[in-house]
Amino acid sequence: MLEQAFSLPSALQQAVDTATADWTSDGKVARLWAKDATLWSGRDEAEWLDWLTITRELRPHCDELAQRLAFVRESGFRHAVLLGMGGSSLGPEVLRLTFGLHEGWPDWLILDSTDPQQVAAVEAQIDYASTLFLVSSKSGSTLEPNILKDYFFTHASEALGQTQAAAQFMAVTDPGSQLEAVAKADGFREIFHGKPRIGGRYSVLSNFGLVPAQAMGIDVAALLDRTETMVAACEQADAAANPGVALGLVLGQAALQGRDKLTVLASPGVASVGAWLEQLVAESTGKEGKGIIPVDGEAVAPPTAYGDDRLFAYLQLAGEDDASQAAAVDALAAAGHPVVRITLQDAYDLGQEFFRWEIATAVAGSVLGINPFDQPDVEASKIETRKLTEAFEQSGELPSQPPLASGDGLTLYCDPANAEALRAAAGAEAGVAALLRAHLARLHAGDYFALLAYVNRLEPAYGEHLQAIRHAVRARFGVATCLGYGPRFLHSTGQAYKGGPNSGVFLQVTCDDARDLPVPGRKYSFGIVKAAQAAGDFQVLADRGRRALRVHLGADVAAGLQHLAALLTEDA
């Protein structure tokens, strides 16, 4: 459904009106479609805009895609496991959770973690004889999908023999990538190509999204036909009538006025879109000290719970009416908070939303004056992680770090600058509870709080404790709150946390792994990789001068989170 509605405060409405007139009079929509890099930074943006036309390019090949993947249904696979990160996994996850199961097609499990408990939980759900695997990686050199491939391909080969295992593996990757070479050498059944000039977070309407969609039983031709309506609408030169451009101008102008916390509210049936939007918006806009911080998964609250740094986006699925949620959104608008309302008629409107928000994000990047198609600070974390894993391969150890404080099963760590600030606030001999309170006391109006949890995302109890913490922080300090699971968020919001505005207060949560899993052919294990990723993540946060603290839970994650939640919610 193309329609969208904006309820904006007068100052923001005036700025949007001015920007809309400028985009129309200056022919900026045509410049966008012409891939004019001067709309942004004038660097390499033109090299990353093939997503504008990918749906029209792939629509004539839908029958071919269906034929190549007909074996998925014919073979009677009960499960399919997608191994990927970031743009390779988040879009397919939205498709799976929104469309649900289709009779005769496998149930898709999306694995985008190095947490050994999470890897083991996925493995425990499957029978190798009836499971299809899709390794999805644009570059083909990303650490996580490569070691996940090694793990599952090795185990499948042990269970089925290598020939049969290879017949149950597919890949989606860019032409000529390392993954393509490995897939050919191992004899994968199918290899599908991405488009080199489409970045990962803009790739959901390319083969990175359409291959799993087809293999889920989704009517890909119908999805693309529905999407074409939005594509055509986003070509309109009149910016006010162009749904993607109009939305992008609201996002950008709101951020310029300090309303840079894009808070996603959604009907349950489309709630998973928020995680995809997190990556698209954060990784595209969060750089050079600027950016929009997406907030997903917060429970809606009365208007007084929010500061004046919010912009709300309400995605409603028709037929899934929630009167209390709708009333809460109305109350936000009535109180003067800016609200965007979008209604999806059914799941097949997803393609339209993917494209609407891609255009909107590109336009918001233009308003902010940044390149929305690079991700410089994501690479910084990868470099730090690589240093640590390579060192482990040589020495068999990760570098040790002296704790800031320890007690009651929790241990705190941080860099020297943060340690000095926290000790100055809490006292040189302060314990865990006092230091945690001092860390949260660094939150001020306009800031946001982010929980960076390197734990098993599939364990409901962990999520309940983490959600309780974020909501307690919101209630006490009136700030936006984010929750990301590591290493998943490193390929998503991690860019904005490190490269965006220095308005975040970060609490990284790590744990000992009750059970670790080996990575075939390596000294390091999945647990070591996860620990290296957390350490690399923290190092870059510290290098960027972020307010950050790490709390280590030990091996009993549930008890550790429960205790942490008790400490952080006792005054809420």
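Please refer to the structure placed before this passage.
A short tour of the structure in this document, coming up. The structure displayed is predicted, hence computed values, not measured ones.

So, how was this worked out
Residues numbered from 1 in each chain as written. Predicted model: local features only at pLDDT ≥ 70, side-chain atom pairs only at ≥ 80, totals over all residues. Heavy atoms only, no water. Helix = DSSP H or I, 4+ residues; strand = E, 2+ residues; numbered from the N terminus. Rg over C-alpha atoms; globule rule 2.2 N^0.38 Å. Buried < 20%, exposed > 50% of the residue type's maximum accessible area, 1.4 Å probe, protein only. Contact = heavy atoms within 4.5 Å. Areas by Shrake-Rupley, 256 points an atom, 1.4 Å probe, with all protein chains shown as cover. Lys, Arg positive; Asp, Glu negative; His and termini not counted. Charge placed at Lys NZ, Arg CZ, Asp CG, Glu CD. Axes fitted to C-alpha atoms, helices over the stretch in contact; angles between N-to-C directions. Parallel < 35°, antiparallel > 145°, perpendicular 65-115°, else oblique. Nonpolar A, V, L, I, M, F, W, Y, C, P; charged D, E, K, R; others polar. Salt bridge = Lys/Arg side-chain N within 4 Å of Asp/Glu carboxyl O. Phe/Tyr/Trp six-rings, centres within 6.5 Å; stacked < 30°, edge-to-face > 60°. Lys NZ or Arg CZ within 6 Å of the ring centre and 35° of its normal. Polar contact = N/O pair within 3.5 Å; in protein donor to acceptor, adjacent residues only side chain to side chain. Pairing = 2+ DSSP bridges. Right-handed = clockwise from strand over helix to strand, strands pointing away. Core = buried A, V, L, I, M, F, W, Y, C linked by side-chain atoms within 4.5 Å.

Considering the overall build of the chain
Here is step 1: Check the secondary structure of the chain and you find 23 helices and 16 strands.
Here is step 2: For 572 residues, the compact-globule estimate of 2.2 N^0.38 gives 25 Å, and the chain sits close to it at 23 Å.
Here is step 3: Its C-alpha atoms put the chain at 65 × 65 × 45 Å along the principal axes.
Here is step 4: Scored against the burial criterion, the 572 residues of the chain give a buried share of 61%.
Here is step 5: In the chain, of all internal contacts separated by at least 6 residues, the share reaching a separation of at least 24 is 80%.
Here is step 6: When the accessible area of the chain is evaluated, it comes to approximately 19,900 Å², of which 50% is carbon and sulfur surface.
Here is step 7: For the chain, the separation between the mean place of its 45 positive charges and that of its 70 negative charges on side chains is 3 Å.

Regarding the packing of helix α11 (residues 207-216) against helix α12 (residues 220-233)
Here is step 1: Look at α11 against α12: their axes get within 9 Å of each other, and the N-to-C directions meet at 135°. Taken together, the axes of α11 and α12 are oblique relative to one another. On α12, the residues that touch Leu210, Ala213 and Gln214 of α11 are Val220, Leu223 and Leu224.
Here is step 2: Of the residues belonging to the contact of α11 with α12, the class tally is five nonpolar, one polar and no charged.

Overview of the pattern of salt bridges
Here is step 1: Going through the model one piece at a time under the given rule, you end up with 39 salt bridges.
Here is step 2: For Lys35, the salt bridge identified is with Asp50, shortest N-O distance 2.7 Å. Here the residue Lys35 occupies a position in the loop between α2 (28-33) and α3 (54-58), and Asp50 occupies one in the loop between α2 and α3, the gap between them amounting to 15 residues.
Here is step 3: Take Lys35: its relative accessible area is 24%, and that puts it in the partly exposed class.
Here is step 4: Given the relative accessible area of 11%, Asp50 is considered buried.
Here is step 5: For Glu57, the salt bridge goes to Lys195, with nearest N and O atoms at 3.2 Å.

Describing the packing of aromatic side chains
Here is step 1: Going through the model one piece at a time under the given rule, you end up with 24 aromatic pairs.
Here is step 2: On the numbers, 5.0 Å between centres and 25° between planes, the contact of Trp51 with Tyr202 is stacked. Of this pair, Trp51 sits in the loop between α2 and α3 while Tyr202 sits in the loop between β6 (190-193) and α11, and the two are 151 residues apart along the sequence.
Here is step 3: Taking the relative accessible area as the measure of exposure, Tyr202 reaches 2% and is therefore buried.
Here is step 4: Seen in terms of ring centroids, Tyr497 and Phe506 are 5.3 Å apart; in terms of plane orientation they differ by 55°. Their pairing is tilted. Like Tyr497, the residue Phe506 is buried in the burial classification.
Here is step 5: An aromatic cluster of three or more residues is present, and its members are Tyr128, Phe133, Tyr151, Phe152, Phe153, Phe169, Phe188 and Phe526.
Here is step 6: The ring centre of Phe153 lies 4.6 Å from the NZ or CZ of Lys149, which sits over that ring.
Here is step 7: Between Arg189 and the ring centre of Phe71, over which it is positioned, the NZ or CZ distance is 3.8 Å.

A closer look at helix α7 (residues 116-125)
Here is step 1: For α7, the full list of buried residues reads Pro116, Gln118, Val119, Ala120, Val122 and Glu123.
Here is step 2: Of the surrounding secondary structure, the elements contacted by the buried residues of α7 are β2 (79-83), β3 (107-111), α8 (143-160) and α22 (526-543).
Here is step 3: Of the residues that open α7, the one with a side-chain oxygen 3.0 Å from the backbone nitrogen of Gln117 is Asp115.

Some details on the pairing of β6
Here is step 1: Taken together, the four bridges between strand β5 (residues 169-173) and β6 define a ladder with parallel strand orientation. Across the sheet, the residue bridging to Ala171 is Ile191, located in β6.
Here is step 2: In this fold, the crossover linking β5 to β6 by way of helix α10 (residues 178-186) has right-handed handedness.

Topic: the nonpolar core
Here is step 1: The biggest cluster of nonpolar side chains holds 94 residues, and the ones touching the most others in it are Trp51, Trp276, Phe355 and Trp357.
Here is step 2: A per-element tally of this core places helix α16 (residues 350-368) first, with 11 residues.
Here is step 3: For Trp276, the residues in contact, after removing those within four places along its chain, are Leu90, Gly91, Val94, Arg201, Val204, Glu353, Phe354, Trp357 and Glu358.
Here is step 4: Val432, Tyr462, Ile469 and Ala534 belong to the second largest nonpolar core, which has 56 residues in total.

Points about the side chain of Asp377
Here is step 1: Relative to the helices and strands, Asp377 is located in helix α17 (residues 376-395).
Here is step 2: On the accessibility criterion, Asp377 (8% relative accessible area) is buried.
Here is step 3: Contact partners of Asp377, with chain neighbours within four places excluded, come to Gln495, Lys498, Gly499 and Arg544.

Section: the packing of α8 against α22
Here is step 1: Their axes nearest at 12 Å, the elements α8 and α22 cross at an angle of 175°. Considering their axes alone, α8 and α22 lie roughly antiparallel with respect to each other. Contacts between α8 and α22 pair Leu143, Glu144, Ile147, Leu148 and Tyr151 from the former with Phe526, Val529 and Gln533 from the latter.
Here is step 2: When grouped by side-chain class, the residues that make up the contact of α8 with α22 number six nonpolar, one polar and one charged.

Focus on unusual backbone geometry
Here is step 1: In the segment running from Gly486 into Pro487, the intervening peptide bond is cis, with an omega of 5°.
Here is step 2: Along the chain, Pro487 falls in the loop between β14 (480-485) and α21 (494-499).
Here is step 3: Phi is positive for Glu288, which is not a glycine, with a value near 55°.
Here is step 4: Within the element layout of this structure, Glu288 appears in the loop between α14 (273-285) and β8 (293-296).
Here is step 5: Even without being a glycine, Asp408 presents a positive backbone phi close to 55°.
Here is step 6: Within the fold, Asp408 resides in the loop between β11 (405-407) and β12 (410-413).
Here is step 7: For Asp408, a relative accessible area of 67% corresponds to the exposed category.

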